[in-house]
Amino acid sequence: MADQSEETVKEEEMARHSQEPEQRSMAVVENIQPSPETRDLVRAENTQMLQGACLMANQSLSLHRIEGSGNLAVGNPSHCTFIQLKAGATENILPALEKLTATLQQKRALDSAVKPTDDGSVQGAHSPKDPAQVAAKSCRKAIRTHYRKTGSYVKLIPWEDDDTKHIKDIFTELTLEKSGKKLESYKDIFLQKTRDGDCINQAVLNGLAGRGKSTLIDKMAYDWACGEALQQFELVFVIRMSAVEQSTELVDSIFDQLLSGVTSVDKNSLSSFISHNQEKVLFLFDGFDELKTRALDKALFGSILKILNRKKDRECFVVVTTRPSHYHKLVTRSLIQEPFTQVKVEGFDKEDIKKYVKRFYSDEHDKAAGLIRRIKSSNGLSDLAKSPMLLVLMCILWREDSKLPETMSRIYSEALEYIFHRKTDMSSDEISKVTNELGKIALLGLLAPEQQLAFPEEDFEPNVLESAIKGGILTRQKVLKGMKSHNSIQFLHKTFQECCAGKYLQSLLETDPVEFQKNLDKMISSRSYDFDYILRFCAGDNMTCTNSILQTLAQVPGKMQIGLDCYFEGQTQDLPPVEFMKSVLTDHIDILGWNRDTLNSFTYLLRNVHTCTVENKQTDYLEKVQSVVIHSCHLGGRMSDLVDSMSLMTNLSTVILDECELNESTEELDECELNESTEEYSSLSGAASSAASWAHHFKKMKNLKRLVLIDCPLTGEDMTHVAPALCDLPNLVELDLSLNESLGGSAASWAHHFKKMKNLMTFNLSYCSLTGEDMTHVAPALCDLPNLVELDLSANNFFGGSAASWAHHFVKMKNLKKLVLRGCSLTGGDMTHIAPALCDLPNLVELDLSKNGFLGGYAASWAHHFMKMKNLMTFNLSYCSLTGEDMTHIVPALCDLPNLVELDLGGNRSLIGSAASWAHHFVKMKNLMTFNLSYCSLTGKDMTHIAPALCDLPNLVELDLSRNESLGGSAASWAHHFMKMKNLKKLVLSGCSLTGEDMTHVAPALGDLPNLVELDLWCNGSLGGSAASWAHHFKKMKNLQKLDLTLCSWTGEDMTHIAPALCDLPNLVELDLSENKSRGGSAASWAHHFMKMKNLQKFDLSFCLLEDEDMTHVENALLGVPHLVINE
């Protein structure tokens, strides 16, 4: 009641502030000392003079006499004028009052011209009786009241009117993610901007059923109504899409759903206000997946869908919620398009679960602590609790006898029992009968072409209807349509409708198997709706139904996850149908983004298969599996069961875990105080889940050859368990531990175990934050591995300055073929130890030292060692800050390497102007096939030395000169050398600032290259307007397969020369003309040439500002190209 009184006071205060005209008060303040002898009150005659002055000024003033000293509490100081009279003052103050009243008259005149209203709009520029402003003001008052009254108290149990809490006491923030990053609050949604700084005014909130999307929408509306957020909007409309068809008009929905019975708001005036004040209006469209129309027809769209596709009121801010199953139906060319903000509503995280449970049981700490322990103890319950809807159910069920079931179907079954038992004396059999009757209607609605979530009363048998409404599983709501009203019946939540439908479907298997299979086929083959929940409920504790579902699912690709979940819901020890087993347990199992529910179901299946194999001597389906790849899954708490189950696969040779959380956080569901209470919950956290609980299971995988644990993220403590487990695997040849950045500083405790991995051939420890101290343990352990041929230590940027203590161990790695030390912050001093150690490795064929930016300027001390690496084939020194002086030592050392076929020197920008001193050595690199000199700041003069040296290399097939911006305007002096590169297949000249004049030299030189298949001229913006002088040379490039002409500022005139030249190229399969924005309106003159490009497969014209007529010409010309994919 205290909250209600506070709310009432707030409303009365808002009402007082909104009264017009606002009455000004004049406060006469005396500065009176507290001592009686100095106190001098304003004389009566002075008070009379003040009142007289007010009358003369014709002011609506009220006079207040205030005595005393100190601070005064004034309700609205902006509406008061304070006159301070010194103690003892008896002078005539009439002149001062005359001046004051003149000022007040002037201010009143301004106030009457421009006056703020209570809803934030400004009157004065418009008539005070502007119908649109009046409608908006009345509407705002009505919907604010609506949101405050309906949102201020939350029913903990929707069917219990007397079981509520204030929204501020129970509401718990949801986990909202944008692009994989957690938002601080929903308010961040309204702050997103495009790369150009424009506000993104559309947001899609995408989340599974029961994740709290609707509650979040209600919280936004409530916060706005209470002045706590979103005050930039004058009007906020919550529209439930379950009551909307594709043709529904916005204003009609507003009146149907929010302003029913409000007569003070004129529809046309409100519509006018919205259209003329779009940036001040927020639409919260809740439940796009519940839209009544399934097959959308753009021609029939009403104003609601036109707002979504920005055909109407495009400046209004729009937030729309949907289930993932309808996301791609919402984000299409006919509805939501970029730019928009995609937000994933993930429900509750671990901390949110604790907060909600403790708020639910705010006066029962022991129960709250017990429920949190129970949730933590079960992986399945931990996942289910992320759904606010299911967590509420758990709290309800726990309140009865402090017990919870394991499966979703059992949770809902108990919830249904609880719902009915709370308000009725129905027996379990009676509840089952009512649920079955409800399920028939529920299933018909969900299978309808336009999925039905609201029903007329007459669809239900009267007794069933009243029992369900009394129990709370159904709700009755009066709906006004125009002048008529009717009762609409809905289930408590869509998942309850799905639950009843699933139970009814389960009963059909006995009563009408043909109808059961017909409905099952319809659901599984549907592409319009997601029926996974119905299938899971149908399978619940019924293996006959489960087997029927799995047999059908086995015939449809991509249904493995729902099949596994249904198998788990069935809770049987028997094996599923053979067809389903074979569809799951294949040679290669690929698990991408499975939730923990499905992972638990997968483990459940593996254990049952093994049990049946051992105990019942059945076929061992597990022996077929050779590899398991798991991407982006949270395995915390499940890792032990999962690895143990996979170890039952006797022929498993490859295990890849990529971006998977392997352990639970040590803070999960830990001890926490409740608000400001001094009582504490007892400890809820046991030992944190770590590799100690699962690593030892790897020992059982005797045939394991490849183990990848990328970005998992492992810690040093984990590795003390993982490393010894792996050293017992006799067949392990590849180990990848990359992107585990918490391993740094811990190698002393685990690296020595690597010595025992005698068959290890490939080892990746990149991006592990290893230090020089770590390497003093890692390097000696690895040098004892006789079969190690590939070692990747890249991006451990704490190596710098430490190589003296570990590099000498490389000498012993005699079989090493590939070494990657990219991005390790190596210095010139480090290289004086690394280079001599590597030159003694007889089998080293690939060395990557790129992105070590501290190597520049020191090559004189180490480069000469390279000449001994006679078998080196690939060498990468890109982005090493090399100078021209460095190159005078490096290049002559490399030119003596007879097997060098690939050299990358890109990104060394300090090479500018130095090529004369080193380029001539390239002549000796006769076997060089691929050469990268991109981003080297090369000049035209440099190219006069480089080009002739390269043209004598008989095997050069790929040359990258991109992003050397200073080459523009100089091609006349070097381009002619290209015509001698007869074996060149790929040339990259992107971003070189080439001009039309340059191309008159480059193009004819390239036209003579018989093997050129790929040419990249991307981002040479000065070529626009010049194609007439050189484009015809393209005709000679008969073997050209790929041409990139992006961002070259082509004009329509250019295209009249380029297009006919290209149409004669018989092998051209990929053409990119994107981001050339000056071609609009010209396609009629050049598009017809494309019809001759019969082999073209990929064509990109995106961001070219082509008009509709242009695209018509292009598309018509390409109609006869059989394998083409166009990107517009």
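Conventions and cut-offs
Residues numbered from 1 in each chain as written. Predicted model: local features only at pLDDT ≥ 70, side-chain atom pairs only at ≥ 80, totals over all residues. Heavy atoms only, no water. Helix = DSSP H or I, 4+ residues; strand = E, 2+ residues; numbered from the N terminus. Buried < 20%, exposed > 50% of the residue type's maximum accessible area, 1.4 Å probe, protein only. Contact = heavy atoms within 4.5 Å. Areas by Shrake-Rupley, 256 points an atom, 1.4 Å probe, with all protein chains shown as cover. Patch = residues over 30% accessible without salt bridge, like charges linked within 9 Å, V, L, I, M, F, W, Y side chains within 5 Å. Salt bridge = Lys/Arg side-chain N within 4 Å of Asp/Glu carboxyl O. Lys, Arg positive; Asp, Glu negative; His and termini not counted. Charge placed at Lys NZ, Arg CZ, Asp CG, Glu CD. pLDDT = per-residue confidence, 0-100. Pairing = 2+ DSSP bridges. Axes fitted to C-alpha atoms, helices over the stretch in contact; angles between N-to-C directions. Phe/Tyr/Trp six-rings, centres within 6.5 Å; stacked < 30°, edge-to-face > 60°. Right-handed = clockwise from strand over helix to strand, strands pointing away. Parallel < 35°, antiparallel > 145°, perpendicular 65-115°, else oblique. Left-handed = near helix turned anticlockwise from the far one by under 90°. Expected span 1.5 Å × (residues − 1). Polar contact = N/O pair within 3.5 Å; in protein donor to acceptor, adjacent residues only side chain to side chain. Nonpolar A, V, L, I, M, F, W, Y, C, P; charged D, E, K, R; others polar. Core = buried A, V, L, I, M, F, W, Y, C linked by side-chain atoms within 4.5 Å. Arc of directions from axis to C-beta.

Things to note about the overall build of the chain
A count of helical and extended segments in the chain gives 33 helices and 36 strands. Buried residues in the chain amount to 52% of all 1128 residues. Of the contacts formed within the chain by residues at least 6 apart in sequence, a portion of 81% connects residues at least 24 apart. Here the chain displays about 49,200 Å² of accessible surface, and carbon together with sulfur accounts for 49% of that area.

Re a negative patch on the surface
On the surface, Glu-659, Glu-661, Asp-711 and Glu-741 cluster together into a negatively charged patch. Position of Glu-741 among the secondary structure elements: in the loop between β22 (734-736) and β23 (762-764).

Observations regarding the confidence of the model for the chain
Overall, the prediction assigns the chain a mean pLDDT of 84, with 83% of residues at 70 or greater. The low-confidence segment residues 109-127, where pLDDT is below 50, has 26 contacts with residues more than four positions distant or belonging to other chains. Below a pLDDT of 50 lies the segment residues 666-689, which in the model reaches 48 contacts outside its immediate sequence neighbourhood of four places, other chains included.

Some words on the sheet that holds strand β11 (residues 235-240)
Strand order in this open sheet of 7 strands is β9-β8-β14-β10-β13-β12-β11, and the pairing throughout is mixed. Sheet topology places β9 (181-182) and β11 at the edges, where each strand pairs with a single neighbour. Contacts from helix α6 (residues 213-225) reach β8 (176-178), β10 (202-206), β11, β12 (281-286), β13 (317-322) and β14 (341-345) within the one sheet, and its direction differs from that of β11 by about 155°. Contacts between helix α7 (residues 250-257) and the sheet are confined to β11 and β12, with β11 contributing the most and set at about 85° to the helix.

Concerning the packing of aromatic side chains
Applying the stated criterion across every chain, the model contains 30 aromatic pairs. Ring centres of Tyr-567 and Tyr-604 lie 5.6 Å apart, and the angle between their planes is 55°; this geometry places the pair in the tilted category. One end of the pair, Tyr-567, is in helix α22 (residues 560-570); the other, Tyr-604, is in helix α24 (residues 596-616), and 37 residues separate them in sequence. According to the relative accessible area criterion, Tyr-567 is buried, its value standing at 0%. Taking relative accessible area as the criterion, Tyr-604 reaches 14% and is therefore assigned buried. Each ring, one from Trp-694 and one from Phe-698, has its centre 6.2 Å from the other, and the planes form 80°; the classification is edge-to-face.

Quick look at the environment of Leu-642
You can see Leu-642 is positioned in helix α25 (residues 639-646). By relative accessible area, Leu-642 is classed as buried at 2%.

Some words on the pairing of β12
The buried fraction of β12 is high, at 6 of 6 residues. Side chains Val-281, Phe-283 and Phe-285 of β12 all project onto a buried face; the interleaved residues Leu-282, Leu-284 and Asp-286 project onto the opposite face, where all are buried too. Pairing analysis gives 6 bridges linking β11 to β12, with the strands arranged parallel. Considered in β12, the bridge of Arg-240 is made with Asp-286. The pairing of β12 with β13 spans 4 bridges and is classified as parallel. Looking at β13, one finds that Leu-282 is bridged to Phe-317. Remark: the β12/helix α9 (residues 303-308)/β13 crossover connection has right-handed handedness.

Observations regarding the environment of Val-891
Mapped onto the secondary structure, Val-891 falls in helix α29 (residues 884-894). With 28 residues separating them along the chain, Val-891 and Ala-863 place their C-alpha atoms 8.8 Å apart. Look past the residues within four positions of Val-891 in its chain and what remains in contact with it is Trp-918, His-921, Phe-922 and Met-925.

Re the packing of helix α20 (residues 532-539) against α22
A packed helix pair is summarised by two numbers, namely the angle formed by the two axes and the spacing between the axes. Where α20 meets α22, the axes come as close as 7 Å, and the angle between the chain directions of the two elements is 30°. The angle between α20 and α22 places the two elements in the roughly parallel class. The handedness of the crossing between α20 and α22 is right-handed. Across the interface between the two elements, Asp-532, Leu-535, Arg-536 and Ala-539 of α20 pack against Ile-562, Asp-565, Cys-566, Glu-569 and Gly-570 of α22.

Quick look at α24
If you check α24, its first and last C-alpha atoms are 29 Å apart, about what 21 residues at 1.5 Å a residue would give, namely 30 Å. For α24, a buried count of 15 out of 21 residues is recorded, marking the element as mostly surrounded by other parts of the structure. Two or three places before Asp-597, at the opening of α24, Asn-595 has a side-chain oxygen 3.1 Å from that residue's backbone nitrogen. At the C-terminal side of α24, Lys-617 shows a positive phi close to 55°.

Some thoughts on the side chain of Ser-962
On the secondary structure map, Ser-962 appears in the loop between β30 (958-960) and β31 (986-988). Here Ser-962 falls in the buried class, since its relative accessible area comes to 6%. Setting aside residues no more than four positions away along its own chain, Ser-962 makes contact with Ser-934, Tyr-935, Val-988, Ser-990 and Cys-992.

Overview of the packing of helix α11 (residues 350-360) against helix α14 (residues 388-401)
It is the contact of α11 with α14, at a shortest axis distance of 11 Å, that shows an interaxial angle of 40°. On the basis of the axis angle, α11 is oblique to α14. The interaxial crossing formed by α11 with α14 has right-handed handedness. Residue-level inspection shows Ile-353, Tyr-356, Val-357 and Phe-360 of α11 in contact with α14, the latter providing Leu-391, Val-392, Cys-395, Ile-396 and Arg-399. Across the contact of α11 with α14, the residue classes tally to 8 nonpolar, no polar and 1 charged.

Let's talk about the pattern of salt bridges
Tallied over the full model, the rule gives 26 salt bridges. Across the pair Lys-280 and Glu-234 runs a salt bridge, and its minimum N-O distance is 3.3 Å. Linking Lys-280 in the loop between α8 (267-276) and β12 with Glu-234 in the loop between α6 and β11, this pair joins segments that are 46 residues apart in sequence. When its relative accessible area of 33% is taken as the criterion, Lys-280 is described as partly exposed. Judged by its relative accessible area of 9%, Glu-234 falls in the buried class. A salt bridge links Arg-706 to Glu-734, with the nearest nitrogen and oxygen atoms 3.2 Å apart. Pair noted here: Arg-706 is in strand β21 (residues 706-710) and Glu-734 is in strand β22, with a separation of 28 residues, a long-range link. The network of salt bridges with common partners includes Glu-958, Lys-986, Glu-1014, Lys-1042, Glu-1070 and Lys-1098.

What about the nonpolar core?
It is characteristic of soluble globular proteins that their nonpolar side chains tend to be buried jointly. Among the nonpolar cores identified, the biggest contains 344 residues, and Phe-237, Leu-270, Phe-285, Phe-754, Phe-866 and Phe-1090 are the most heavily contacted of them. Per-element tally for this core: the top contributor is α14, with 10 residues. Setting aside residues up to four positions removed in sequence, Leu-270 forms contacts with Ala-135, Cys-139, Leu-235, Phe-237, Ile-254, Phe-255, Leu-259 and Val-265.

Overview of a positive patch on the surface
A surface patch of like charges, here positive, comprises Lys-298, Lys-311, Arg-314 and Arg-333. Within the element layout of this structure, Arg-314 appears in the loop between α9 and β13.

Here we look at the side chain of Thr-175
By secondary structure assignment, the location of Thr-175 is in the loop between α5 (167-170) and β8. Judged by its relative accessible area of 8%, Thr-175 falls in the buried class. A distance of 3.5 Å separates the side chain of Thr-175 from the side chain of Asp-352, its partner in a polar contact.

Things to note about helix α33 (residues 1108-1117)
Among all positions of α33, only Asp-1110, Met-1111, Val-1114 and Ala-1117 are buried. Taken end-on, α33 shows its buried residues confined to a sector of 130°, consistent with a single buried face. Facing away from the buried side of α33 by over 90 degrees, the exposed positions are Asp-1108 and Glu-1109. Those residues of α33 that are buried lie in contact with β35 (1098-1100).

Examining unusual backbone geometry
Across the junction of Glu-338 and Pro-339, the peptide omega takes the value 0°, indicating a cis bond. Tracing the backbone shows Pro-339 in the loop between α10 (327-330) and β14. In this structure, Asp-541 is a non-glycine residue whose phi angle is positive, near 55°. Here Asp-541 shows up in the loop between α20 and α21 (543-553). Even without being a glycine, Phe-1103 presents a positive backbone phi close to 55°.

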